[in-house]
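Observations on the model geometry
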Amino acid sequence: MSKKEKEIEVAENDIKINGEDAVSLTVGGIEIGTVIQQDTKFVATLSNGEIFKAKTRDEGIDTLLRDFHLHRG
């Protein structure tokens, strides 16, 4: 039996964290994490506080989405 596909609304919101530009990622109105640039790298922070390093902003966003899909999706 196959699963029915769900439509999920994902939104990127530009925000400031401690004066630095960042992106807040929300799924269905619930924040799943943020991505902020630190020096030449990016840091993706999940809503539970877990931190991941990324080479690009897109890689940080992918990390947040992957975690959401695996653990909460």
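Attention here is on the structure that accompanies the text. In this text, all values refer to a predicted model and were calculated from it rather than measured experimentally.

Focus on the overall build of the protein chain
Across its full length, the protein chain carries one helix and five strands. If one aligns the C-alpha atoms of the protein chain with their principal axes, the spans along those axes are about 50 × 20 × 20 Å. Taken over 73 residues, the protein chain has a buried fraction of 30%. A fraction of 21% describes how many contacts in the protein chain between residues 6 or more apart in sequence connect residues 24 or more apart. Approximately 5,700 Å² of the protein chain is accessible, and the part contributed by carbon and sulfur atoms is 48%. Positive and negative side-chain charges in the protein chain, numbering 10 and 14 respectively, have mean positions lying 5 Å apart.

So, the sheet that holds strand β4 (residues 41-46)
Pairing in this open sheet of five strands is antiparallel, and the strands run β1-β2-β3-β4-β5 from one edge to the other. On the outer flanks of this sheet lie β1 (10-17) and β5 (51-54), each paired with one strand and no other. Taken over all neighbouring pairs, the strand axes of this sheet differ in orientation by 25 degrees on average, direction set aside. Looking at chain direction, strand β3 (residues 30-38) and β4 are connected through six bridges and run antiparallel. Counted as the bridge partner of Thr34 is Thr45 from β4. Sitting on the sheet, helix α1 (residues 57-71) touches β1, β2 (20-27), β3, β4 and β5, and the angle it makes with β3 is about 155 degrees.

Looking at unusual backbone geometry
Look at Asn18: it is not a glycine, yet its phi comes out positive at around 50 degrees. By secondary structure assignment, the location of Asn18 is in the loop between β1 and β2. Accessibility expressed as a relative area gives 76% for Asn18, which makes it exposed. Residue Asp39 is not a glycine yet carries a positive backbone phi of 60 degrees. Residue placement: Asp39 occurs in the loop between β3 and β4.

Focus on α1
The terminal C-alpha atoms of α1, which comprises 15 residues, lie 21 Å apart, in line with the 21 Å expected from a rise of 1.5 Å per residue. Of the residues making up α1, those classed as buried are Gly60, Ile61, Thr63, Leu64, Asp67 and Phe68. Buried residues in α1, looked at end-on, bunch into an arc of 155 degrees, giving them a common side. In α1, the exposed positions that point more than 90 degrees away from the buried face belong to Asp58, His69 and Leu70. Close packing links the buried residues of α1 with β1, β2, β3, β4 and β5.

Concerning the environment of Glu12
When you line up the elements, Glu12 lands in strand β1. Not counting residues within four places of it along the chain, the set of residues in contact with Glu12 comprises Val23, Ser24, Leu25, Arg57 and Ile61.

Calculation notes
Residues numbered from 1 in each chain as written. Predicted model: local features only at pLDDT ≥ 70, side-chain atom pairs only at ≥ 80, totals over all residues. Heavy atoms only, no water. Helix = DSSP H or I, 4+ residues; strand = E, 2+ residues; numbered from the N terminus. Buried < 20%, exposed > 50% of the residue type's maximum accessible area, 1.4 Å probe, protein only. Contact = heavy atoms within 4.5 Å. Areas by Shrake-Rupley, 256 points an atom, 1.4 Å probe, with all protein chains shown as cover. Lys, Arg positive; Asp, Glu negative; His and termini not counted. Charge placed at Lys NZ, Arg CZ, Asp CG, Glu CD. Pairing = 2+ DSSP bridges. Axes fitted to C-alpha atoms, helices over the stretch in contact; angles between N-to-C directions. Expected span 1.5 Å × (residues − 1). Arc of directions from axis to C-beta.

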